[in-house]
Number of protein chains: 4
Amino acid sequence: MAGKDLRIGVVGTGAIGRTHIERINNKLQGAKVVACADVNVDFGKSVAEKYDCKFYADGEEMIASDDIDAVIVTTIDPYHEQYVMAAIKAGKYVFCEKPLAPEAEACKRIVEAEVAGGKQLVQVGFMRRYDTGYRQLKAAIENRTYGEPLMLHCAHRNPAVDESYDTPMAVENSMIHEIDVLRWLLNEDYATAEVVFAKNTRRTHANLMDPQIMILTTKSGVRIDVEAFVNTGHCYDIKCEVVCEDAILNLPEPSNIEVCANATRGHAIHSDWSTRFVDAYNTEIQEWIDATKEGRVDGPTAWDGYVGQVTAKAASKARDEKKVVEITFDEMPEFYKK
Amino acid sequence: MAGKDLRIGVVGTGAIGRTHIERINNKLQGAKVVACADVNVDFGKSVAEKYDCKFYADGEEMIASDDIDAVIVTTIDPYHEQYVMAAIKAGKYVFCEKPLAPEAEACKRIVEAEVAGGKQLVQVGFMRRYDTGYRQLKAAIENRTYGEPLMLHCAHRNPAVDESYDTPMAVENSMIHEIDVLRWLLNEDYATAEVVFAKNTRRTHANLMDPQIMILTTKSGVRIDVEAFVNTGHCYDIKCEVVCEDAILNLPEPSNIEVCANATRGHAIHSDWSTRFVDAYNTEIQEWIDATKEGRVDGPTAWDGYVGQVTAKAASKARDEKKVVEITFDEMPEFYKK
Amino acid sequence: MAGKDLRIGVVGTGAIGRTHIERINNKLQGAKVVACADVNVDFGKSVAEKYDCKFYADGEEMIASDDIDAVIVTTIDPYHEQYVMAAIKAGKYVFCEKPLAPEAEACKRIVEAEVAGGKQLVQVGFMRRYDTGYRQLKAAIENRTYGEPLMLHCAHRNPAVDESYDTPMAVENSMIHEIDVLRWLLNEDYATAEVVFAKNTRRTHANLMDPQIMILTTKSGVRIDVEAFVNTGHCYDIKCEVVCEDAILNLPEPSNIEVCANATRGHAIHSDWSTRFVDAYNTEIQEWIDATKEGRVDGPTAWDGYVGQVTAKAASKARDEKKVVEITFDEMPEFYKK
Amino acid sequence: MAGKDLRIGVVGTGAIGRTHIERINNKLQGAKVVACADVNVDFGKSVAEKYDCKFYADGEEMIASDDIDAVIVTTIDPYHEQYVMAAIKAGKYVFCEKPLAPEAEACKRIVEAEVAGGKQLVQVGFMRRYDTGYRQLKAAIENRTYGEPLMLHCAHRNPAVDESYDTPMAVENSMIHEIDVLRWLLNEDYATAEVVFAKNTRRTHANLMDPQIMILTTKSGVRIDVEAFVNTGHCYDIKCEVVCEDAILNLPEPSNIEVCANATRGHAIHSDWSTRFVDAYNTEIQEWIDATKEGRVDGPTAWDGYVGQVTAKAASKARDEKKVVEITFDEMPEFYKK
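The rules we used
- Residues numbered from 1 in each chain as written.
- Chains lettered and ligands numbered in written order.
- Predicted model: local features only at pLDDT ≥ 70, side-chain atom pairs only at ≥ 80, totals over all residues.
- Heavy atoms only, no water.
- Helix = DSSP H or I, 4+ residues; strand = E, 2+ residues; numbered from the N terminus.
- Rg over C-alpha atoms; globule rule 2.2 N^0.38 Å.
- Contact = heavy atoms within 4.5 Å.
- Areas by Shrake-Rupley, 256 points an atom, 1.4 Å probe, with all protein chains shown as cover.
- Lys, Arg positive; Asp, Glu negative; His and termini not counted.
- Charge placed at Lys NZ, Arg CZ, Asp CG, Glu CD.
- Least-squares fit on C-alpha atoms with pLDDT ≥ 70 in both.
- Buried area = accessible area lost by both parts, 1.4 Å probe.
- Salt bridge = Lys/Arg side-chain N within 4 Å of Asp/Glu carboxyl O.
- Polar contact = N/O pair within 3.5 Å; in protein donor to acceptor, adjacent residues only side chain to side chain.
- Nonpolar A, V, L, I, M, F, W, Y, C, P; charged D, E, K, R; others polar.
- Buried < 20%, exposed > 50% of the residue type's maximum accessible area, 1.4 Å probe, protein only.
- Pairing = 2+ DSSP bridges.
- Right-handed = clockwise from strand over helix to strand, strands pointing away.
- Axes fitted to C-alpha atoms, helices over the stretch in contact; angles between N-to-C directions.
- Parallel < 35°, antiparallel > 145°, perpendicular 65-115°, else oblique.
- Left-handed = near helix turned anticlockwise from the far one by under 90°.
- UniProt positions renumbered as here; feature names shortened; annotations may be inferred.

Asker: Explanation requested: the overall build of chain A in the structure shown.
Answerer: Of regular secondary structure, chain A possesses ten helices and 15 strands. Taking 20 Å as the expected radius of gyration for a compact globule of 338 residues, we find that chain A reaches 20 Å, a close match to that expectation. For chain A, the spread of C-alpha atoms along the principal axes amounts to about 55 × 55 × 45 Å. Long-range pairs, those at least 24 residues apart, make up 72% of the contacts in chain A with a sequence separation of at least 6. When the accessible surface of chain A is totalled, it reaches about 12,900 Å², and 48% of it is carbon and sulfur. Charged side chains in chain A number 39 positive and 54 negative. The centres of these two groups are separated by 1 Å.

Right, dumping it as C-alpha cells:
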C-alpha cells in the first residue's frame, strides 16, 4: 500500500476531528480523509462539504465501506467503544482519541474483541509519547546511562478551565496524559494511586478542588507525584523531572526567543495545549499513517488504553475515599507483547 | 556598646566552632572571639593558642566570666541545653547551632527558662533564613504580589553521606533546615507531617532509605513536599518552588559562569554545603553580632528551635508508623510575639 | 493543481539532493519526486532506481519534459545557472540550493532572464528563514514592539571543517547564511562590509584564518557583527542577538532535556547543522511545494540570491584589501516588489 | 598591625566617599574611618559629625597627620593626583577611586613618584576585578583548561544617563571598567583601539552617540568588542563572553529568583550598578584593608591606572579620528612586576 494514499474515514466531526482532517489533508504525508460521519447530520454534512469528502450519517456503515482503509474515532467519549468495535469487526486499523472508553470495563471488552480477532488494529490517542522532549527523556532513561530512575516530580498546569470542569476531571481528563506517558517512560506498571489536595486557589469554583496532587508508585518502587493546577491564570506548562541514581533529568522548556525588556530577562510560555503540543499531534498522526500502511500498530495500544482507565479509576477511588488504592488488572495478554 | 567589639566566647571547638571563630576574627565586623572552651582540654587549648584567645576547660565558667559579652554554642548536640541554660542564667546573648537541643522537651525547658528570665537572649543557627535567594522568595511571598502560596515543592540533595548517616537523619539533620526555613517563608505553623520512601538508590546502605520524601501541611492548608536525596553522587543542590495563585517562584541557582564545552552548555553546581551557603553563614553571624550589640534577638528564636524539634519528632513518628501525624504544641508565649 | 501531487524533477543527486528526495517522498505533503538527472550517469541511475523515479542523463531534457511540474537544482554550484535558466525557459518553478550561482554576474543574468520571462519562478535555498527561532525574532522586530533594532551580534560556530575549507569560505559558505537571513530579518539592504581576524585557534590550518568577524552595516545604520568560528572542536551553534531600543532579543537555544550530572547542570548542544536545522529544511521545502502548487514564489527570490552574492563578494574584497567596502547594486526591479 | 583597626582618612565626602565610610564602619572588618576632609567645609563637617570622625578642611594636612594610617581618595577626578601624591609623600597606603587621574600624564607622574619613593602604596578603584563572576572567568582562563582565549564579546548596558553624559564618556567613564578588567582577565597589554557607532537610540540626546562599540586588540592578537549602550531604558547589564579554543565562557547573570507569571518565565535584572556590584565593592575594600595591614598592594596598581588612562585616550582619539589607533606606553618598571 506504500505507494498510494491511505483512505481515512473520520467518525465524529467536532473540533478535534476537524483538526485531524486538516493536518492529514494539508500537512502530513501519505493519506487523505475521504469520508466522515456524524450523528449530527446537518453539521456533519457541512464538514464533509468543506473538506470535499463523502458523508455518512451512519458511522458503522462508513467503517464497513470499501471506500475507506482506516478509521479515526473522534466522537464524544461514550461512543468510542461502538466505533472501535466496528473497526475491529471490519478488520480495519483504527485510531481512537483518548480515552479508549470512559469505563475500564468497556476498554476491556475492546481488548478482548481485538485479541479474539487475532490482529492488532487499535491505537489510542496519547500524543505525549510523540513529543520530542519526552522522547529525549525516554532515550536518556532507557539506556540507563544515569542509573535507575527513583522518583518523578511532574506538573500539569493550565491557564484556566470553565465551570464544567470538576474535581474528578483533574485525574480523568488532565493527568490521564501523565498516567500514560510516565508508564511508557518508565516501561513498567503502576502499583498504587493516591490523590491529595493543597490549598485551593481563589480562581477555582465550588465543584473543583484546584490544585490537586496525584501520587503513583510503580511495581519496582518508583514514586511519582503529579501536580494538576488548572487555574494558574496565565500558563500552559508541563513539567517532568526524573530523579535517577546518577542524574536529574528535566523535560525541556519549549523553545522561544529570549526577551530582555522591562528589567526582566525571560521567555514567553505557551498558554494553550494546542500550541504547546502541535508538533506532537502531527508526529502522532504521521507515524500512525506510516505504521498503518505497513500493517503495524506501534503507538499506544488498546491494552495501554485499558490500563490507563484502570489507573484513572483507582486514582479517582483513592481521591474519593481519601486512601491509597492498589491498582490491579489481569496479566497482559501475550498478544500485546513485542 | 556599638563602638566596641563584642567579646565572644565559643563553647565547643570542633569544625563548625572553628569556622565561626575564623569568620568572626577575619571577615566580619564588630566582634572578636576572646575565649573558647572544650571538654577536650588538649584540643581546646591548641585552638585557643591558634586563635590567640583564652581557654576554659569549663564552659560554664567561661560563660559566667566578665571577660565575655556573648556566647556561641557549637558543642555536640546533647550539650547544647547545658550551655544555653548557662548563658540565660548569666543574662548573656547566646547563638546556639541547630538543633537547639535534640529533644523537644529540652527545647521547651530552654523556652521556659528564657521566658522566666524575662529577656530574649537565645538565637538558633538556622542559616537558610540568611541566604539571599530565600530572602528574595520571602519578599515575593510576603507582599502577596502573586497571591496566596498554595504548594511548595522542595529538594535537599547531597553528593554523599557516610555509613553513620541513617534513615532518621534525613529528617533530623537534613530536612530540619527545610522545616525551619519554610515555616519562616510562609509565616505560619505546620498541621501535619508524613514521610514516605521512593525506590532506593544503589549508592545507599542497609541503614538508610534514600531518597525520602517528607510531606508537611500548614494550618491554612498549604501542602509541602521535600525530597531528601543524600547520595546523588555529585551535587549539593537545594530546590524550593513556591506555587502561588498567580505565579510560580523558584529559589535561584547559585551564580556561576556558563561553560559551553564538549557539546554541552552548562553551569557547575556546588558539591558541598559549605560553599553553597558560605554567604548565608557570614550574614547570619554578622547580623547576630549587630543585633546583639543593639540588645535584640532578630534571628530564629528558642521558640523556633522548639517548634522545629517538635515538627521533626512528628515527622519521625510518621515515618516509623507509616501514617500522617498531627503536629501539636502549646500556644506561643506572648514573649515571642513581635 | 491543489488536489494532485506536484511532480518534481531533481537535477544533481549528491547528498543534499538525496535528502530532499527523501523528505519529499517520505515526510512532506503534496509532491513526489518523479525524475532525477545527473551528469554522473551510473550514480544517477542508482539513485533513480532506489527512489523509483525516471532517470535523465540530460538535466535540461528532464526540465523540458512534460513529466515534471517543477525543478529542484542541487548540482555543484557552477552548474546552478544552467539549470535554473532551463527552468525559466520551460516556465517551470525551480528551487535552487544556495548560492544561486557562485558569481554575482551569473545571478544577475538569472534575474534578467526571469524578469524578461515575465513570471517569478525562482526560489533560492536560504533555509534559515524557515527556522522557528528566526521567525519568532522577525515577528518581534517587525511590529516594533521593542523599538528600532540598533545592532546585531551574531555567531556561526561549527565543530570542525576539513582542509579544503579555506579563509574565503567563512564568508562565502558559512556567513552567507547570515547575509541572507539578517537582511530578511531587518527588511533592509546593506551599506558596507568589513572582515577582520582574531587570534587563530590552534585547530586551524595554514589556509584558514579562524575565527573571523564580518561586520555589516545597513542603509539605515544598523551595525552587525558576525563571528565565524568553524573549528570550535565540539559544537554547532548559531547565535543572533538583536539589540533594540527597548529590548534585547536572542535567538532561542534549540530545545533539549536538562541534565544535571557530574556536578554540572546543562543541555546538550547540536554538533551538526543537519540536526540543528532539520525542521527548517522540512518547512522550507513544504512551503515551496505549497506555494508552487498555488502558483506563487514566497521564499527567497532570485533577487535575494543576487544581493547575497554581491554582499559576499564585497565582504571578500574587504577581507582581502583590509578595508571597509561599500556594497552597491542596481535598484531592485519592480518585478520583485510585493 | 593585624590586631588593631586600620585608621582611615577619607578625602572627598561625596556620595561614593560616604558609601565607603559606611561599608568600612558598619560592614567590613579591621578598619575605622577616623577622619575625613573636604574643600566644602560645611558639608564635610556634617559628614564628619554623622560618622563621628575628625574633620580636616585641608586634605593634605589630614594625610600627613599621625592620626591616620591609610588614605581613601574620593574627591572629584581632577584632585586625585594631588592627594595621591600627598599620600606617597607621607608614605601611607592610598586607595584612589578610578580614574587615578583624568590625564595619562598625571597618572605617569604618580607612577614616577611612587617608583622614586621606593615602595608600592597606591591602589586604584577598579572594582570589577573583585566581582565573583569575573574571578570565576579568570580562574577558568588562567589554567588554560579550555585553551587560549581568542575573542571577547562584551556589553555594558545602563538604563539611562542624564544630559551631562556625552559621547566621550562612554569610553572614559563606562568602558574604562572593561579596559581594566579585560586586561587583567587576559593578563596582557593592548595593541590597538577603535571606536565605532551603531544606529542611535531615540532615547539619546544631541551630544551622545548611543550605542557605541569599542574594539581592542591585545599584543598576542585577541580581539575584543565592547558594546556600550547607556540608554537601554530598563536594565543595568554587564556581559562578557570569552571565546576560547575549546570552550565559550560567559560571565554569570546575577542570581535572582525565577518568576513564572503573566505567561513569561524570567528573572529580574538589576537596574543599577550599585546593586549589581555591591558585593564587589565590599570585597574590594575589605581586601584593600587586609593587604594594607599586611603591608602589601595586591589590587590594581598605579601602573594599571596609568595604562587604563593611556588606553582610554587612544580609544578616544580613535573615535574622534575615525581610525584604528595604536596603544603605546613605556615598558612597565621592574618595580611593578611580581
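Asker: Help me out: how do you make sense of the relation of the copies chain D and chain C in this one?
Answerer: Two copies of a chain can be linked by a rotation about an axis combined with a shift along that same axis. In the superposition of chain D on chain C (RMSD 0.0 Å, axial shift 0.0 Å), the rotation amounts to 180°. Such a combination of rotation and displacement between the chain copies is what one expects of a two-fold axis. Proximity to the rotation axis, assessed at the C-alpha, singles out His153(D) in chain D; its C-alpha lies 4.4 Å from the axis. Of all interface residues in chain D, 100% are interface residues in chain C too; the two copies therefore contact each other through one and the same surface.

Asker: What am I meant to see in the relation of the copies chain A and chain B here?
Answerer: With an RMSD of 0.1 Å, chain A superimposes on chain B once it is rotated by 180° and translated 0.0 Å along the axis. Comparing interface residues between copies, 100% of those in chain A also sit at the interface in chain B, which points to an isologous, same-surface contact.

Asker: Help me understand the interface of chain A and chain B in this model?
Answerer: One frequently used descriptor of interface size is the decrease in accessible area upon assembly of the parts. Across the boundary between the two partners, chain A contributes 35 residues, which contact 35 residues of chain B. Summing the contributions of chain A and of chain B, the shared interface buries around 2,700 Å²; its carbon and sulfur component is 53%. On the chain A side of the contact with chain B, Lys199(A), Arg223(A) and Glu245(A) bury the most area, a combined 25% of that side's loss. Between Arg202(B) and Asp246(A) there is a salt bridge; the shortest N-O distance is 3.2 Å. Counting across the interface, chain A meets chain B through 14 residue pairs in polar contact (both at pLDDT 80 or more). Going through the elements one at a time, strand S7 (149-157), strand S8 (190-197), strand S9 (212-218), strand S10 (223-229) and strand S11 (237-244) of chain A are the ones with two or more residues in the side of chain A that touches chain B. Ranked by residues supplied to the side of chain A that touches chain B, first place goes to S7(A) with five residues. Counted by class, the side of chain A that touches chain B contains 15 nonpolar, nine polar and eleven charged residues.

Asker: Help me understand the environment of Val243(A) in this model?
Answerer: Looking at the secondary structure, you find Val243(A) in strand S11. Classification of Val243(A) as buried rests on a relative accessible area of 0%. Each C-alpha atom, one on Val243(A) and one on Leu150(A), is 5.7 Å from the other, the two residues being 93 residues apart in sequence. Discounting chain neighbours no more than four positions away, the residues touching Val243(A) are Glu148(A), Pro149(A), Leu150(A), Met151(A), His153(A), Ile248(A), Arg157(B), Glu227(B) and Phe229(B).

Asker: Looking at this structure, how should I read the side chain of Gln309(C)?
Answerer: Residue and element names in this part refer to chain C. Within the element layout of this structure, Gln309 appears in helix H10 (residues 302-321). Residue class for Gln309 comes out buried when judged on its relative accessible area of 5%. Apart from residues lying up to four places away in sequence, Gln309 is in contact with Pro99, Ala101, Pro102, Ala104, Cys107 and Ile176.

Asker: Mind showing me how you'd approach the interface of chain D and chain C here?
Answerer: Taken residue by residue, the interface counts 35 residues in chain D and 35 residues in chain C. Interface area, chain D with chain C, both sides summed: about 2,600 Å², of which 53% is carbon and sulfur. By the criterion of area lost to chain C, the three top residues of chain D are Lys199(D), Arg223(D) and Glu245(D), representing 24% of everything that side buries. Inspection of the region where chain D meets chain C yields ten salt bridges. Between Glu148(D) and Lys199(C) there is a salt bridge, and its shortest N-O distance comes to 3.5 Å.

Asker: Would you mind showing me how to read the pairing of strand S2 (residues 31-37) of chain A here?
Answerer: All names here are of chain A. In terms of burial, S2 is a largely internal element, five of the seven residues being buried. Direction of pairing for strand S1 (residues 6-11) relative to S2: parallel, over a ladder of six bridges. Each bridged residue has a counterpart across the sheet, and for Leu6 the counterpart in S2 is Ala31. Crossover handedness for the path S1 to helix H1 (residues 15-26) to S2: right-handed. Taken together, the three bridges between S2 and strand S3 (residues 54-56) define a ladder with parallel strand orientation. Note that in S3 the partner of Cys36 across the bridge is Phe55. Where the polypeptide runs from S2 across helix H2 (residues 41-50) and back to S3, its parallel neighbour, the crossover connection is right-handed.

Asker: How do you make sense of the packing of helix H7 (residues 167-186) of chain B against helix H10 (residues 302-321) of chain B when you look at a structure like this?
Answerer: Residues and elements named next belong to chain B. In contact at an axis separation of 9 Å, H7 and H10 are set at 135° when each is read in the N-to-C sense. When the interaxial angle is binned, H7 and H10 end up oblique. The two elements H7 and H10 cross, and the hand of that crossing is right-handed. Residues Thr167, Pro168, Val171, Glu172, Ile176, Ile179, Asp180 and Arg183 of H7 touch H10, and the partners they reach there are Trp303, Asp304, Val307, Gly308, Gln309, Thr311, Ala312, Lys313, Ala315, Ser316 and Arg319.

Asker: Mind showing me how you'd approach the UniProt feature "domain: Gfo/Idh/MocA-like oxidoreductase N-terminal" (unreviewed entry) in chain A here?
Answerer: Here the UniProt-annotated "domain: Gfo/Idh/MocA-like oxidoreductase N-terminal" (unreviewed entry) positions come out as residues 6-126 of chain A. Helix makes up 44% of residues 6-126 of chain A and strand 24%, and the two end C-alpha atoms of the span are 21 Å apart.

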